[in-house]
Amino acid sequence: MKIFTLVALIAICLLACKKPQPLSPYLFGKWEVRKTYGGFIVHPDSTYKPGNGNILQFNSDSTYAHYLQNNLVSKGVFHVITNAFKNGTTNYDEIYFDSDSTGKSLIILSGDMLTLKPLIPDIGSTDYQKIGN
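Residues numbered from 1 in each chain as written. Predicted model: local features only at pLDDT ≥ 70, side-chain atom pairs only at ≥ 80, totals over all residues. Heavy atoms only, no water.

Student: I'd love a proper account of the environment of Tyr48, names of residues and values included.
Tutor: Take Tyr48: it is sitting in the loop between β2 (46-47) and β3 (55-58). In this structure, the C-alpha to C-alpha distance between Tyr48 and Glu32, residues 16 residues apart in sequence, is 9.0 Å. (Helix = DSSP H or I, 4+ residues; strand = E, 2+ residues; numbered from the N terminus.)

Laid out in C-alpha cells, this is it:
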C-alpha cells in the first residue's frame, strides 16, 4: 500500500508541474526605443522618433546587444522565465540580463511593440518598436 501511495503521489506531482513554455520567436530581432516613462531615478518621460538608434537586439542564441545612437554600449546573455509574474489573471514573462537576477523586468509583447517594465518602481518602463530581424 505504501508503494502505491508513493507512486500515486509522484504521478500527481509530475502532472501538476508546469512545463516550461518556449520563448516566442517574435522576441528575436531588433527593437528601437519609442517611449520611456514612469520611475523616479531616470530621465523624465520621453518620446523618440524612428531612426533614433537606441536599439535592443535579441538573438535566438540568448545573446543581446544594446545600442545607444547606433553605438554598441553593452552585450551579453539574457534569460527569460515564462509566466513568472502574475497580476490578477494576467501572467507575465520576466527577463534577466547577464547574471543580474535583481534587475528583472516584465516583458509585454503587443503587436510590433515590446514593453520592458522593471519590477523596481524607481526605474521607468520602456516601449520598443520592432524594426527588423
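Student: Account for unusual backbone geometry, with residues named and values stated.
Tutor: Even without a glycine there, the phi angle at Ser62 is positive, about 65 degrees. As for its placement among the helices and strands, Ser62 is situated in the loop between β3 and β4 (63-68).

Student: Report on the pairing of strand β6 (residues 90-97), specifying residues and quantitative values.
Tutor: Two faces belong to every sheet, and in a regular strand the side chains alternate between them. Pairing of strand β5 (residues 71-87) with β6 involves seven bridges; the strand directions are antiparallel. Across the sheet, Phe85 pairs through a bridge with Tyr92, a residue of β6. Here β5 folds back onto β6, and the loop between the two strands holds two residues, one of which, Gly88, carries a positive phi near 65 degrees. With three bridges joining them, β6 and strand β7 (residues 105-110) adopt antiparallel strand pairing. Bridging across to β7, Ile95 finds its partner in Ser105. (Pairing = 2+ DSSP bridges.)

Student: Now, about the packing of aromatic side chains: what can you tell me, with residues and values included?
Tutor: All chains considered together, the criterion is met by five aromatic pairs. A ring pair is formed by Tyr26 and Trp31, whose centres lie 5.8 Å apart and whose planes are at 85 degrees; its orientation type is edge-to-face. The buried category is assigned to Trp31, whose relative accessible area is 0%. Considering the side-chain rings of Phe58 and Phe78, the 5.0 Å spacing of their centres and the 75 degrees angle between planes classify their relative orientation as edge-to-face. Of the two residues, Phe58 is situated in strand β3 and Phe78 in strand β5; the sequence distance between them amounts to 20 residues. Comparing Phe58 with Phe78, the two get one shared label, buried. (Phe/Tyr/Trp six-rings, centres within 6.5 Å; stacked < 30°, edge-to-face > 60°. Buried < 20%, exposed > 50% of the residue type's maximum accessible area, 1.4 Å probe, protein only.)

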